[in-house]
Amino acid sequence: MNICVMPGDGIGREIVAQALRVLDKVGAKFGKKFETQEALIGGCAIDATGGPLPEETVRLCKAADAVLLGAVGGPKWDTIDPAIRPERGLLGIRKELGLFANLRPASLFPELKHACYLRPDIVAKGIDLLVVRELTGGAYFGTPKGVEVRDGERVGFNNMIYSEHEIRRIAKVGFEAARKRRKQLCSVDKANVLDVSRLWREVVIEVSKDYPDVALSHMYVDNAAMQLVRDPSQFDVIVTENLFGDILSDEASVITGSIGMLPSASLGAGNPGLFEPIHGSAPDIAGQNKANPLATILSVAMLLRYSFSDMDEPAAAIEAAVQKALQAGYRTGDIREEGCKLVGCVEMADVVLANL
Ligand code: NAD
């Protein structure tokens, strides 16, 4: 199994190095061999080649079974030509790999409940949900779009447009993800107002016929935004379109309160998926062994679960090892609390490895 690894910038190299130790160990434990190849992306690629996404990187990613990414960007590249900014590398590789589905779990380890922004009685019910966001369609990409002068004033417009095949393929990702979890899928739309949402709902219902084992429900997006803070425990998997998903996935992750804990996956059809922590390159703590490696380690768990058909068990083993580290009281600076054992990036990975 061939994995393309792109550490990127800032803390990217530190956290990815620890995640790779975990990958090696889980491979040895379960008798799997992972080949890894490193590629440049973001600021380090700009420094080495003049651009954020070298052709060689695209080639290596396309040839791999899965891609693991650290983070890109930093102050060094903040003032360069926007056309070759580090983030361009990210957008570029998503496009090259046709990644149309973004999977963002928001789960709160009970050990970190103090970090959650919600009331204790809400937190007590648990948070373990997954937002599946459509990534390449809707209002962010639809045409016509623009700003023009009509009747003497400026008018701005975008087009939230989805074709049937785009809805069908993201719905399938949602149902498949629900099958791997608690088998509940909530499709979020605005079908009471938007025509595009009415089609969304129709197609999701059609796709549901192939998944009789998954319980499908529907919710309007304004209600979903409320329910996420009122009672997030009611959700297993949420599937929604690009703009709604952008907002809801950020809302879901921020309520857990710990950016250094959350992994993500972006999936395409027939191409390798891309797995990365949701946080950025954290230049303020880069190179100081302070970064929390757990989001990247949990991204490896997602990589195994969503890239290979027979890797649910190793993925679960990684997640359990992370939970044990937290249960034992180990914390990096970002999730520290009174009475905890404060550790650095390498030491946190050491504890996870020992638990594996
Ligand atoms: P950030 O996520 O890098 O950092 C926000 C805060 O969270 C910082 O205080 C940081 O120290 C802390 N933090 C983040 N990850 C952490 C971890 N693993 N352990 C401990 N603390 C952690 O966001 P930012 O400061 O807005 O952006 C910094 C750079 O990262 C920018 O150049 C931005 O463009 C880039 N960025 C990249 C990505 C990506 O690669 N996907 C995402 C967001 C931001």
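Structure shown above.
Figured I'd write up the structure that's included with this text. If you're wondering where the values come from, they're calculated on a predicted model, not measured in any experiment.

Some thoughts on the packing of aromatic side chains
Phase 1 of the analysis: Counted by the stated rule, this structure contains 3 aromatic pairs.
Phase 2 of the analysis: Taking 6.5 Å as the distance between ring centres and 45° as the angle between the ring planes, the aromatic pair formed by Phe34 and Phe308 counts as tilted. Taken as a pair, Phe34 in the loop between helix H1 (12–30) and strand E2 (35–38) and Phe308 in the loop between helix H10 (294–307) and helix H11 (312–327) lie far apart in primary sequence, 274 residues in all.
Phase 3 of the analysis: Exposure remark for Phe34: the relative accessible area of 9% places this residue in the buried category.
Phase 4 of the analysis: With a relative accessible area of 11%, Phe308 lands in the buried category.

Details of the nonpolar core
One recurring pattern in soluble globular proteins is that nonpolar side chains are buried together.
Phase 1 of the analysis: One finds Leu103, Met261, Phe275, Ile297, Leu304 and Val322 to be the most contacted residues of the largest nonpolar core, which totals 88 residues.
Phase 2 of the analysis: The element contributing the most residues to this core is H10, with 9 residues.
Phase 3 of the analysis: Taken together, domain 1 (1–100 + 265–356) and domain 2 (117–255) each give at least three residues to this core, which thus spans both.
Phase 4 of the analysis: Excluding its chain neighbours within four sequence positions, the residues that come into contact with Val322 are Phe109, Met261, Leu294, Ile297, Leu298 and Val352.
Phase 5 of the analysis: By size, the runner-up hydrophobic cluster in this structure holds 16 residues, among which are Ile41, Ala64, Leu90 and Leu274.

Focus: the pairing of strand E4 (residues 99–107)
Phase 1 of the analysis: The element E4 is extensively covered by neighbouring structure, given that 8 of its 9 residues are classed as buried.
Phase 2 of the analysis: As paired strands, E4 and strand E11 (residues 263–268) are joined by 4 bridges and run antiparallel to one another. Across the sheet, Leu103 pairs through a bridge with Ala265, a residue of E11.
Phase 3 of the analysis: Bridge count between E4 and strand E5 (residues 128–134): 7 bridges; the pairing is antiparallel. If you follow Ser107 over to E5, its bridge partner there is Asp128.

Observations regarding the site of the ligand
Phase 1 of the analysis: Neighbouring residues of the ligand: 20 residues in total, closest Val72, Gly280, Ala282, Asp284 and Asn292.
Phase 2 of the analysis: One of the backbone N or O atoms of Gly74 is found 3.1 Å from an oxygen atom in the ligand.
Phase 3 of the analysis: Here Gly280 contributes a backbone N or O atom positioned 2.7 Å from an oxygen atom of the ligand.
Phase 4 of the analysis: Calculation on the ligand without its partners gives an accessible area of 810 Å², and the protein chains cover 68% of this total.

Focus: the environment of Leu304
Phase 1 of the analysis: One can find Leu304 in helix H10.
Phase 2 of the analysis: Leu304 gets classed as buried once you look at its relative accessible area, which sits at 0%.
Phase 3 of the analysis: In the structure, Leu304 is positioned 29 residues away from Phe275 in sequence and 9.8 Å away in space, judged by C-alpha atoms.

Side note on the environment of Pro144
Phase 1 of the analysis: Inspection of the secondary structure assignment puts Pro144 in the loop between E5 and strand E6 (146–150).
Phase 2 of the analysis: Judged by its relative accessible area of 55%, Pro144 is exposed.
Phase 3 of the analysis: As for Pro144 and Met160, which are separated by 16 residues in sequence, their C-alpha atoms are 9.7 Å apart.
Phase 4 of the analysis: Contact partners of Pro144, with chain neighbours within four places excluded, come to Phe157, Asn158 and Asn159.

Points about the layout of surface pockets
Left-over empty space is what a probe sized like a water molecule reveals as it rolls over the atoms.
Phase 1 of the analysis: Here the largest pocket is characterised by a volume of approximately 740 Å³.
Phase 2 of the analysis: Taken together, 28 residues make up the lining of the largest pocket; nearest its centre are Leu91, Arg94, Asn102, Arg133 and Leu135.
Phase 3 of the analysis: Contributing elements (two or more residues each) for the lining of the largest pocket: helix H4 (86–96), E4, helix H9 (242–256), E11 and strand E12 (273–277).
Phase 4 of the analysis: When residues in the lining of the largest pocket are grouped by element, the largest group, 5 residues, is from H4.
Phase 5 of the analysis: Each residue belonging to the lining of the largest pocket can be placed in one class, and the counts come to 12 nonpolar, 9 polar and 7 charged.
Phase 6 of the analysis: A domain split of the lining of the largest pocket shows at least three residues from each of domain 1 (1–100 + 265–356) and domain 2 (117–255).
Phase 7 of the analysis: Taken as a whole, the second largest pocket holds about 530 Å³ of empty space.
Phase 8 of the analysis: Lining of the second largest pocket is provided by 21 residues; of these, Ser107, Phe109, Asp128, Arg181 and Glu319 occupy positions nearest its centre.
Phase 9 of the analysis: For the lining of the second largest pocket, the secondary structure elements donating two or more residues are E4, E5, H10 and H11.
Phase 10 of the analysis: Of the residues belonging to the lining of the second largest pocket, the class tally is 12 nonpolar, 3 polar and 6 charged.
Phase 11 of the analysis: Shared between two domains, the lining of the second largest pocket holds at least three residues of each, these being domain 1 (1–100 + 265–356) and domain 2 (117–255).

About the criteria used
- Residues numbered from 1 in each chain as written.
- Predicted model: local features only at pLDDT ≥ 70, side-chain atom pairs only at ≥ 80, totals over all residues.
- Heavy atoms only, no water.
- Phe/Tyr/Trp six-rings, centres within 6.5 Å; stacked < 30°, edge-to-face > 60°.
- Helix = DSSP H or I, 4+ residues; strand = E, 2+ residues; numbered from the N terminus.
- Buried < 20%, exposed > 50% of the residue type's maximum accessible area, 1.4 Å probe, protein only.
- Core = buried A, V, L, I, M, F, W, Y, C linked by side-chain atoms within 4.5 Å.
- Domains from an automatic or database assignment.
- Contact = heavy atoms within 4.5 Å.
- Pairing = 2+ DSSP bridges.
- Near = heavy atom within 4 Å.
- Polar contact = N/O pair within 3.5 Å; in protein donor to acceptor, adjacent residues only side chain to side chain.
- Areas by Shrake-Rupley, 256 points an atom, 1.4 Å probe, with all protein chains shown as cover.
- 1 Å grid on protein atoms, 1.4 Å probe; cavity = no way out; pocket = protein on both sides within 12 Å on 5 of 7 lines; lining within 4 Å.
- Points joined across faces, edges and corners; volume = space filled by probe spheres on them.
- Nonpolar A, V, L, I, M, F, W, Y, C, P; charged D, E, K, R; others polar.

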